[in-house]
Amino acid sequence: MILGITKSILVLDAETGSPTQLGPKGRGSANYWADPLTKTFMFGWKWYKSDQPAGVADFEAPEAPVQCFPPDVVAAIEAPASEVMLAAFNCEFDRNALARLGYPTPPEKWLDIMVLAYSLGFNGKLDQVLKQIELPASKHPRGSQCITQFSKKFEPWWTNPQLWQDFRDYCADDARIEEMLLQWLLFRLDSPLLLEQTQNILRQDLIYRRINARGVPVDARAVAGAQKIMTQEKAQVLESMKQLTGLANPNGRDQLLDWIRAQGSQMLNLQKDVVQD
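Residues numbered from 1 in each chain as written. Predicted model: local features only at pLDDT ≥ 70, side-chain atom pairs only at ≥ 80, totals over all residues. Heavy atoms only, no water.

What follows is about helix α3 (residues 91-100). Residues spaced three or four apart along an α-helix face the same direction, because each turn holds 3.6 residues. Counted residue by residue, α3 has seven buried out of 10 residues, so it is predominantly covered. By the burial criterion, the buried members of α3 are Cys91, Glu92, Phe93, Asp94, Arg95, Ala97 and Leu98. Of the residues one or two after α3, glycine 102 is the one with positive phi, at around 95 degrees. (Buried < 20%, exposed > 50% of the residue type's maximum accessible area, 1.4 Å probe, protein only. Helix = DSSP H or I, 4+ residues; strand = E, 2+ residues; numbered from the N terminus.)

Below, the structure is given as structure tokens:
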């Protein structure tokens, strides 16, 4: 048994696209997957410790060599976790991508390669972890270009068929690299010395992912009421400041700071610490 919990592992990697953007300048994962236009373009896969090469299924381009999962991958997805677990780096993203294709899977079916890497003190995205570990692997050179054009700009595959082929290669290559990383990690973690600790970490991660997927109950009426009160109070305070200062826009930093200095204050700025003093 691998990690004392499963007989086999299938590493998966999804490539997706959406008009809803992820990341610091975008919206969160829940909004990303709530968008009905979000698509799962393709999935790469690689069996753990197998000589079989990585494969990729393209669900978008009608001319793709493989347009659906082969039977062994479908069987792995549908098998109980004790028989086959699915693994990915930041696996909840791939779990949602798989569900978008009509293959819902429970959180306990998944092993997060990112969590395993973090448990050994590594951090960051996949390419950063690879550099820290110094694995002899690097991501596809045109991967960023593919993601920008098809995932972020959400342009269809036929706008650049050659780049789309690179996208397929990138997807399969990511699955290969993630499986290589998983081997490196489990060589260390699936050992008598660290097995119990690793199992505890995986249990904690499963609880976290379940809570994150379910969300936290919020009283929507109370939140809406608080926002209404805040808007009213803000308007009243702004009106009071206008009357006090005679400024058209006392909410403007430069205007307010000039007015304060005109009253004889030597205040340097309106930062919190300065105002409190």
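Scanning the entire structure with this criterion turns up 10 salt bridges. Between arginine 168 and aspartate 58 there is a salt bridge whose closest N-O contact spans 2.7 Å. Taken as a pair, arginine 168 in helix α7 (residues 161-189) and aspartate 58 in strand β3 (residues 55-58) lie far apart in primary sequence, 110 residues in all. Taken as a pair, arginine 168 and aspartate 58 share a single burial class, namely buried. A salt bridge links arginine 209 to aspartate 205; the nearest nitrogen and oxygen atoms lie 2.9 Å apart. One end of the pair is arginine 209 and the other is aspartate 205, both in helix α8 (residues 195-214) and four residues apart, which spans about a single turn. (Salt bridge = Lys/Arg side-chain N within 4 Å of Asp/Glu carboxyl O.)

Right, let's talk about the packing of aromatic side chains for a bit. For the coordinates displayed, the defined rule picks out 15 aromatic pairs. When the centroid spacing of 6.0 Å and the interplanar angle of 35 degrees are considered together, the rings of tyrosine 32 and phenylalanine 93 count as tilted. Here phenylalanine 93 lies in helix α3 and tyrosine 32 lies in helix α1 (residues 29-34), a separation of 61 residues in the sequence. An identical accessibility class is assigned to tyrosine 32 and phenylalanine 93; each is buried. Geometrically, the ring pair formed by phenylalanine 41 and tryptophan 164 is edge-to-face, given 5.3 Å between the ring centres and 70 degrees between the ring planes. Taken together, the residues span a long stretch of sequence, with phenylalanine 41 in strand β2 (residues 39-47) and tryptophan 164 in helix α7 at a distance of 123 residues. (Phe/Tyr/Trp six-rings, centres within 6.5 Å; stacked < 30°, edge-to-face > 60°.)

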